[in-house]
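Here is how the chains run, residue by residue.
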Amino acid sequence: MAQVRSLQKIMAFLSANNTAAVNNSDTRLAGCFLLGIPGLEDLHIWLSIPFCTMYVAALAGNSILICVILSQPSLHEPMYIFLSMLASTDVLLSTSTMPKALANFWLSSNHISFDGCLTQMFFIHFLFVAESAVLLAMAFDRYVAICSPLRYATILTSTTIGKIVAATLARSFIIMFPSIFLLKRLHYCRVNIIAHTFCEHMGIARLSCSDISINVWYGLAAALLFTGLDIILIAVSYIDILRAVFHLSSQDAQSKALSTCGSHICVILLFYIPALFSIFAYKFWGRHIPRYVHILLANLYVVIPPMLNPIIYGVRTKQILEGAKQLFSYLIKESK
């Protein structure tokens with residue numbers, strides 16, 4: 001019933017904004033329509049409650065984490081600088097999807113311009129690639145700290161960190177920018193209805209009446225060559241790290257190293273496992289799993305890791321916990 005109402009609203013919008021845009025040779029002028037979670041339209045209001053709660057928690061947790069790192073001079077070290085980058089990416093990634101999804105759930109605001117859809121798509125994929133690169137940088141930081149501790153200060157200088165940040169942003173931009181042109185070159189001749197809460201590359205490509213083989217291969221190559229390479233390098237780094245840790249003579253040193261690496265591994269698993277599961281589930285079991293399950297997983301993926309990352313580091317990293325206590329103590333004193 002709710003799906004019928006959504007389609008009626010779409011048709012009313014098209015009528016009010018000149019149906020000629022749809023009958024024309026190019027339907028990009030009419031924009032795109034995000035259906036939300038097809039099959040669960042009657043539950044949109046109820047689903048919005050946990051999603052909104054997780055989004056607010058992600059914003060609050062990551063903002064606090066960034067403030068703690070910036071305000072505490074003792075945390076101005078490579079490990080924590082990379083962590084602040086991860087928190088910033090998490091905030092941006094969840095913000096690129098959740099506000100529009102919540103507007104759809106609450107207000108049935110499902111229309112988005114075609115260029116707006118491309119912009120959202122670009123930032124979602126850009127931030128995903130950037131976060132993968134940040135996790136690789138964090139793995140490299142731990143590798144140097146544990147496997148070459150005497151050279152840590154000379155390898156990870158402020159100049160090196162600046163180059164890593166620049167390389168992360170440049171790589172993400174270079175990978176994702178061509179996708180805009182690959183989508184713009186296609187011919188769109190139907191009503192652009194996307195059965196999702198946000199715009200993503202293949203979701204937009206499938207709206208086209210043209211051959212999308214290049215888009216399919218480009219998306220696959222980007223996922224395998226870049227994100228896949230990051231996963232392999234991270235795995236190799238942590239294998240070497242664990243070897244080095246178990247060769248340490250001091251039990252205290254082993255425990256400290258394992259605790260720090262444990263936090264990183266938890267964050268890495270939270271980031272990659274849902275993404276890989278979603279990709280492989282869609283590829284191999286797509287016909288057996290309802291579409292709303294895939295869309296729910298995609299939405300959970302952009303809020304659960306950002307929500308849990310600050311908790312993992314806050315609980316498992318003593319320096320951040322102490323920094324947070326000092327920051328709140330200072331704020332309480334200033335407010336009196």
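These remarks concern the structure in this document. In this text, all values refer to a predicted model and were calculated from it rather than measured experimentally. (Residues numbered from 1 in each chain as written. Predicted model: local features only at pLDDT ≥ 70, side-chain atom pairs only at ≥ 80, totals over all residues. Heavy atoms only, no water.)

1. Observations regarding helix α4 (residues 78-95)
Definition in use: Under the scheme used here, helices are H or I runs from DSSP no shorter than 4 residues and strands are E runs no shorter than 2 residues, and both carry numbers assigned from the N terminus. Expected span, for any helix, means 1.5 Å times one less than how many residues it has. Throughout, exposure labels follow a simple rule: accessible area from a 1.4 Å probe, protein chains only, divided by the maximum for the residue type, with under 20% read as buried, over 50% as exposed, and the rest as partly exposed.
Here α4 contains 18 residues, and its C-alpha end-to-end distance of 26 Å stays within 8% of the 26 Å for a straight helix at 1.5 Å per residue. With respect to burial, α4 is a largely interior element, 14 of its 18 residues being buried.

2. Considering unusual backbone geometry
A positive phi angle is found at Ser108, which is not glycine, with a value near 55°. Mapped onto the secondary structure, Ser108 falls in the loop between α5 (98-107) and β2 (111-112). Taking the relative accessible area as the measure of exposure, Ser108 reaches 32% and is therefore partly exposed.

3. As for the packing of α4 against helix α6 (residues 114-147)
Using the following cut-off: Lines are fitted to the C-alpha atoms to define the axes, a helix being fitted only along its stretch in contact, and any angle between axes, read from their N-to-C directions, falls within 0 to 180 degrees. Any angle from 65 to 115 degrees is called roughly perpendicular, while one under 35 is roughly parallel, one over 145 is roughly antiparallel, and all others are oblique. Rotating anticlockwise by less than a right angle from the far helix to the near helix defines a left-handed crossing, while the corresponding clockwise rotation defines a right-handed one. Note on definitions: a residue-residue contact is assigned when non-hydrogen atoms from the two residues lie within 4.5 Å. Each residue gets one of three labels, nonpolar for Ala, Val, Leu, Ile, Met, Phe, Trp, Tyr, Cys and Pro, charged for Asp, Glu, Lys and Arg, and polar for the others, Gly among them.
Close contact between α4 and α6 brings their axes to 9 Å; oriented N to C, the two are set at 165°. What the angle tells us is that α4 and α6 run roughly antiparallel. As α4 packs across α6, the resulting crossing turns out to be left-handed. Where α4 approaches α6, its residues Pro78, Met79, Phe82, Leu83, Met85, Leu86, Thr89, Asp90, Leu92 and Leu93 are matched on the opposing element by Ile124, Leu127, Glu131, Val134, Leu135, Ala137, Met138, Asp141 and Arg142. Residue classes in the contact of α4 with α6 are distributed as 14 nonpolar, one polar and four charged.

4. Quick word on the environment of Val134
Counting through the fold element by element, Val134 comes out in helix α6. Classification of Val134 as buried rests on a relative accessible area of 2%. Spatially, the C-alpha atoms of Val134 and Ser84 are 9.9 Å apart, while their sequence positions differ by 50 residues. In contact with Val134, other than residues within four places in its own chain, are Phe82, Met85, Leu86, Thr89 and Thr168.

5. Let's talk about the pattern of salt bridges
So the rule is basically this: We count a salt bridge whenever a side-chain nitrogen from Lys or Arg sits within 4 Å of a carboxyl oxygen from Asp or Glu.
Scanning the model with the defined rule gives four salt bridges in all. Across the pair Arg142 and Asp141 runs a salt bridge, and its minimum N-O distance is 2.9 Å. Here Arg142 and Asp141 have matching classes, each one buried. A salt bridge links Asp230 to Arg171; the shortest N-O distance between them is 2.7 Å. Of this pair, Asp230 sits in helix α10 (residues 213-246) while Arg171 sits in helix α8 (residues 158-184), and the two are 59 residues apart along the sequence.

6. Section: the state of the cysteines
Worth spelling out the cut-off: Note that a disulfide, as used here, is simply two cysteine sulfur atoms within 2.5 Å.
With the rule as written, the count across this model stands at two disulfides. Covalent S-S linkage joins Cys117 and Cys199, the inter-sulfur distance amounting to 1.9 Å. With the S-S dihedral at roughly -110°, the linkage between Cys117 and Cys199 falls on the left-handed side. Taken together, the positions of Cys117 in helix α6 and Cys199 in the loop between β3 (193-194) and α9 (201-205) put the pair 82 residues apart, joining distant regions of the chain. Assigned by exposure class, Cys117 and Cys199 land together as buried. Here Cys189 pairs with Cys209 through a disulfide, and the sulfurs are 1.7 Å apart. Residues Cys189 and Cys209 share a disulfide whose torsion about the S-S bond is about -100°; that sign makes it left-handed. Of this pair, Cys189 sits in the loop between α8 and β3 while Cys209 sits in the loop between α9 and α10; the two residues are 20 residues apart in sequence, bridging distant segments of the chain. For Cys209, a relative accessible area of 32% translates into the label partly exposed.

As far as function goes, none of this settles anything; it's purely spatial.
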